[in-house]
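# A structural walkthrough
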Amino acid sequence: MAHTLPALSYAFDALEPHIDALTMQIHHDRHHQAYVDNLNKALAGTDGENKSLEELMANISAYPAAVRNNGGGHWNHSLFWEILGANGSQPSGPLADAINAAFGTLDALKEKMNTAGTTRFGSGWAWLIVKDGNLEVTSTPNQDNPLMDIAEVKGTPILGIDVWEHAYYLKYQNKRPDYLGAIWNVINWDVVAAKYNAAL
Ligand code: MN
């Protein structure tokens with residue numbers, strides 16, 4: 001089964017001014033599309049063609065680098081578009097309780113995520129994951145993710161922040177911390193809460 005680019009559920013300019021429309025358009029239509037196309041090319045004619053993306057992630061060490069890089073890129077961006085939005089929500093219910101239990105406050109979680117993102121050298125992702133029923137913050141290089149069998153810290157991602165320069169360079173240039181400070185304005189916590197409940 002060929003993998004396909006998921007549509008955004010909001011307009012390219014929905015996250016302005018925090019994430020600009022041109023960045024969203026290039027990021028989704030070109031970068032993510034390229035991961036999808038290159039994943040399909042890398043899988044063509046192999047047994048991986050019949051595996052789900054999650055099955056590929058769980059056994060990624062058995063596949064070539066092109067599957068790891070582009071399969072990770074496809075999975076990671078699909079999550080990223082989902083957890084963004086312009087609804088200005090806040091964590092509530094069991095997710096809010098779990099954040100307070102694990103980190104003390106929501107601000108402390110944000111700080112920990114931002115530190116994970118700013119200290120990730122080069123390109124990668126900062127993650128909020130569910131691991132053994134608890135929330136943890138981690139990061140991965142390139143397009144790796146915590147679902148992969150090769151990840152240093154494994155778990156189920158419920159929130160991921162892309163810290164590749166292509167995610168912020170047009171608006172923020174080299175100022176990754178400014179981008180990380182702004183992105184919290186456009187997190188769709190209702191989606192993160194649903195992913196938290198599903199991961200438990
Ligand atoms: Mn990206």
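Residues numbered from 1 in each chain as written. Predicted model: local features only at pLDDT ≥ 70, side-chain atom pairs only at ≥ 80, totals over all residues. Heavy atoms only, no water.

## Here we look at the overall build of the protein
This is how it is decided: Per the convention used, a helix needs a DSSP run of H or I reaching at least four residues, while a strand needs a run of E reaching at least two, with both numbered from the N terminus. This radius of gyration counts C-alpha atoms alone. The globule rule is 2.2 Å times how many residues there are, raised to the power 0.38. The rule is simple: take the accessible area with a 1.4 Å probe, protein chains only, and divide by the maximum for that residue type; under 20% is buried, over 50% is exposed, in between is partly exposed. Contacts: residue pairs with any heavy atoms within 4.5 Å of one another. Under the convention used here, Asp and Glu are negative, Lys and Arg are positive, and both His and the chain ends fall outside the count. The atoms used to mark charge sites are NZ of Lys, CZ of Arg, CG of Asp and CD of Glu.
Helix and strand counts for the protein come out as eight helices and three strands. Reading the helices (α) and strands (β) of the protein from amino to carboxyl end gives α-α-α-α-α-β-β-β-α-α-α. For 200 residues, the compact-globule estimate of 2.2 N^0.38 gives 16 Å, and the protein sits close to it at 16 Å. By principal-axis analysis of the C-alpha atoms, the protein measures approximately 50 × 40 × 30 Å. Taken across its 200 residues, the protein has 47% of its residues classed as buried. Taking the contacts inside the protein whose residues are at least 6 apart along the sequence as the reference set, 67% of them involve residues at least 24 apart. Charged side chains of the protein number 13 positive and 22 negative; the gap between the two group centres comes to 5 Å.

## Overview of the coordination of the manganese ion
Rules: We call an atom a donor if it is N, O or S and sits within 2.8 Å of the metal, or 3.2 Å for Na, K and Ca. Water is not counted, so some sites may look partial.
Each protein donor to the manganese ion is listed here as His-27 (NE2), His-77 (NE2), Asp-162 (OD) and His-166 (NE2); together their distances run 1.9 to 2.1 Å. In the primary structure, the donors to the manganese ion are separated according to the pattern H-x49-H-x84-D-x3-H.

## As for the side chain of Ser-89
Quick note on the threshold: In protein, a polar contact requires one atom able to donate a hydrogen and another able to accept it; more generally it is a pair of N or O atoms within 3.5 Å, and residues adjacent in sequence count only if both atoms are side-chain atoms.
Tracing the backbone through its elements, the reader meets Ser-89 in the loop between helix H3 (65–83) and helix H4 (93–103). We classify Ser-89 as buried; its relative accessible area is 12%. Polar side-chain contacts of Ser-89 include one of 2.8 Å to the backbone nitrogen of Trp-189. Setting aside residues up to four positions removed in sequence, Ser-89 forms contacts with Ile-187, Asn-188, Trp-189 and Asp-190.

## Things to note about the packing of aromatic side chains
Quick reminder of the rule: The rule is short: rings of Phe, Tyr and Trp, with Trp giving its six-membered ring, pair when the centres are within 6.5 Å, and they are stacked under 30 degrees, edge-to-face over 60, tilted in between. Only lysine NZ and arginine CZ atoms are considered, and such an atom sits over a ring when it is within 6 Å of the ring centre and within 35 degrees of the ring normal.
A complete count under the given rule lists seven aromatic pairs for this structure. Ring geometry for Phe-80 versus Trp-81: centroids 5.5 Å apart, planes at 50°, classification tilted. We note that Phe-80, like Trp-81, is buried. Ring geometry for Trp-184 and Trp-189: centres 6.2 Å apart, planes at 15°, overall stacked. With respect to class, Trp-184 is no different from Trp-189; both count as buried. Among the aromatic side chains, those forming a connected cluster through ring pairs are Trp-75, Phe-80, Trp-81, Trp-125 and Trp-127. Directly above the ring of Tyr-172 sits Lys-171, whose terminal nitrogen or CZ lies 5.7 Å from the centroid.

## A few points about the nonpolar core
Threshold: Put simply, a nonpolar core is a bunch of buried Ala, Val, Leu, Ile, Met, Phe, Trp, Tyr and Cys residues held in one set by side-chain atoms that sit within 4.5 Å of each other.
In this structure, Leu-84, Leu-135 and Trp-189 are the most contacted members of the largest nonpolar core, which totals 54 residues. Apart from the residues lying within four places of it in its own chain, the contact partners of Leu-135 are Leu-95, Ala-98, Ile-99, Ala-102, Phe-103, Leu-128, Ile-129, Val-130, Ile-158 and Tyr-196.

## Side note on H3
Rules: For a helix, the expected span equals 1.5 Å multiplied by the number of residues minus one.
Helix length check: H3, at 19 residues, gives a terminal C-alpha distance of 27 Å against a target of 27 Å (1.5 Å per residue), a fit within 8%. Of all 19 residues in H3, 14 are buried, a share of seventy percent or more.

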